[in-house]
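# Examining the three-dimensional arrangement
One letter stands for each residue in the lines below.
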Amino acid sequence: MLKINHALRPSHLSRKINRLWRLSAAKIAAIEKHYDTSKGSPVFTVRGQYIARGWTEWTQGFQYGSAILQFDATGDKRYLRIGREKTVRVMASHVTHTGVHDHGFNNVSTYGNLLRLMNEGRIAGNAWERSFYELALKCSGAVQAGRWTKLRDGGYIYSFNGPHSLFVDTIRSLRVLAVAHRLGHVLMDESDRRISLLDRLLDHAHATATYSIYYGKGRDAFDVRGRVAHEAIFNVNDDSFRCPNSQQGYSPFTTWTRGLAWAMCGFAEQLEFLDAIGEQRHRALFERAARATCDFYIANTPTDGIPYWDTGAPQLHRLGDYLDRPAEPFNEFEPVDSSAAAIAAQGLLRFGHYLGKNGKRYWQAGLTILNTLFDEPYLSTDPKHQGLIRSEEHT
């Protein structure tokens, strides 16, 4: 179980965060100089060098979005130039990609961050440039919302597996629908039918909270509060839920911890959005989902906050009482997932902030995880290693 450091403050992490940005700058520059983009988007490292993994190009927005964030954090305009130029040059296909569920990852990370920086006055305002970013985000939100399976009680954005498949991680792609809605956009359908992007966002998040998250209410023999199924399968002929499944986890009846982390972060993000626009629909359900998943993470993670890749990974028993001590990234049985920890930390911090004085436990849990991640062995200090946060399985 995560051992929460209740004395930790954000200022205590300043030294580690400053070092992280120094390391990040060198790694972004190395990837920009040496990575062969003809092989696809970089996904993970092998022997310290990024390689692609070709199911979808879901990480290209991270590649160039990280350069934009580097500028955001440090003011170094070299990284703004990389992010800006590469967004214009290579990201257009992601805006109109009808075959994926990851528009929020690619396009909010690039076009969205550039628009935010302009709105904040961090980069010079330019009417045509602003319109370019806004148009990209409007189109991306509508294209993503068009990838739709209808259910009797709403519907969902279906995964790359097809119309029968709802992935839990798509909860984080909803932010592109949120941005497009805030920009005044809608999805136009047959006979000029106007489809609200907000309604589709709410329906998808409702389906995720209902079918992907467990609440300990006896739904099935594996119903443990806060557990997450990576994939929910539906019969598209009669709109009925059929079973849980897992594309990336060990099984449908265990929890892939990165999927869990996406749910934690995604529901916290949507609660912030609903708060910002004064929307009340489904708020109680989304808060229930966020709380359940955050509690499950805290209870099922080693003391330092770094989880193993799946809570039911088959060789975990060989590690003994692994939840009662820090994670062991170099063990010979099951890999840890530091990327899940990074996503979970964001979710815990955002949910804790959303809850205010009632969220201190979650806020402190998030800081505790970051205190571990931003140091060795997870922080990659090797200048020849292109990764920033390391996992034992990706070396």
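Topologically, Leu319 is positioned in the loop between α10 (283-299) and α11 (338-355). Its relative accessible area of 7% is what places Leu319 among the buried residues. For Leu319 and Leu13, which are 306 residues apart along the polypeptide, the C-alpha to C-alpha distance reads 30 Å. In contact with Leu319, other than residues within four places in its own chain, are Tyr308, Arg325, Glu328, Asn331 and Phe333.

Turning next to the sheet that holds strand β8 (residues 231-235). Spatially, three strands are ordered β5-β8-β9 in an open sheet, and the strand pairing comes out antiparallel. Taken across any chain shown, the strands that pair with only one partner, and hence form the sheet edges, are β5 (165-167) and β9 (240-245). Strand-to-strand twist in this sheet, taken as the mean axis angle between neighbours without regard to direction, amounts to 25°.

The next subject is helix α6 (residues 127-145). Taking 1.5 Å as the rise per residue, α6 with 19 residues should run 27 Å; its terminal C-alpha atoms sit 27 Å apart, in good agreement. Residues Glu129, Tyr133, Ala136, Leu137, Ser140, Gly141, Ala142, Gln144 and Ala145 constitute the buried set of α6.

For the rest of this paragraph, the subject is the nonpolar core. What tends to happen in soluble globular proteins is that the nonpolar side chains get buried as a cluster. Membership of the largest hydrophobic core comes to 100 residues, with the highest contact counts inside it found for Ile213, Phe267, Phe286, Leu348, Phe351, Ile369 and Leu373. The biggest single contributor to this core is helix α9 (residues 257-277), with eleven residues. Setting aside chain neighbours within four positions, we find Ile213 in contact with Val168, Thr208, Arg219, Arg227, Val228, Ala263, Phe267, Ala289 and Thr293. Among the nonpolar cores identified, the runner-up in size contains eight residues, and Tyr156, Leu166, Ala207 and Ala232 belong to it.

Side-chain pairs of opposite charge can arise whenever the charged atoms involved come near each other. Applying the stated rule across the entire model yields 22 salt bridges. For Arg81, the salt bridge is made with Glu85, and the minimal N-O distance between the two is 3.7 Å. Placement of both Arg81 and Glu85 in helix α3 (residues 77-90) is noted, with a separation of four residues, approximately one turn of the helix. Take Arg81: its relative accessible area is 45%, and that puts it in the partly exposed class.

Right, let's get into the packing of aromatic side chains. Two measures describe an aromatic ring pair: the distance that separates the ring centres and the angle between the ring planes. Evaluation of the coordinates by the stated rule reveals 16 aromatic pairs. Residues Tyr211 and Phe241 carry aromatic rings whose centres are separated by 5.3 Å and whose planes lie at 25° to one another, so their mutual orientation is stacked. Linking Tyr211 in helix α8 (residues 197-211) with Phe241 in strand β9, this pair joins segments that are 30 residues apart in sequence. For the ring pair Phe234 and Phe241, a centre distance of 5.7 Å and an interplane angle of 70° mean the geometry is edge-to-face. Judged by its relative accessible area of 25%, Phe241 is partly exposed. Each residue in the set Trp58, Phe62, Phe105 and Trp262 is aromatic and connected to the rest through ring pairs, giving one cluster.

Glancing now at the pairing of strand β2 (residues 49-52). Pairing analysis gives four bridges linking strand β1 (residues 42-46) to β2, with the strands arranged antiparallel. Across the sheet, the residue bridging to Val46 is Gln49, located in β2. Hairpin connection between β1 and β2: a loop of two residues separates the two successive antiparallel strands, and Arg47 in this loop has a positive phi of roughly 55°.

Calculation criteria
- Residues numbered from 1 in each chain as written.
- Predicted model: local features only at pLDDT ≥ 70, side-chain atom pairs only at ≥ 80, totals over all residues.
- Heavy atoms only, no water.
- Helix = DSSP H or I, 4+ residues; strand = E, 2+ residues; numbered from the N terminus.
- Buried < 20%, exposed > 50% of the residue type's maximum accessible area, 1.4 Å probe, protein only.
- Contact = heavy atoms within 4.5 Å.
- Pairing = 2+ DSSP bridges.
- Axes fitted to C-alpha atoms, helices over the stretch in contact; angles between N-to-C directions.
- Expected span 1.5 Å × (residues − 1).
- Core = buried A, V, L, I, M, F, W, Y, C linked by side-chain atoms within 4.5 Å.
- Salt bridge = Lys/Arg side-chain N within 4 Å of Asp/Glu carboxyl O.
- Phe/Tyr/Trp six-rings, centres within 6.5 Å; stacked < 30°, edge-to-face > 60°.

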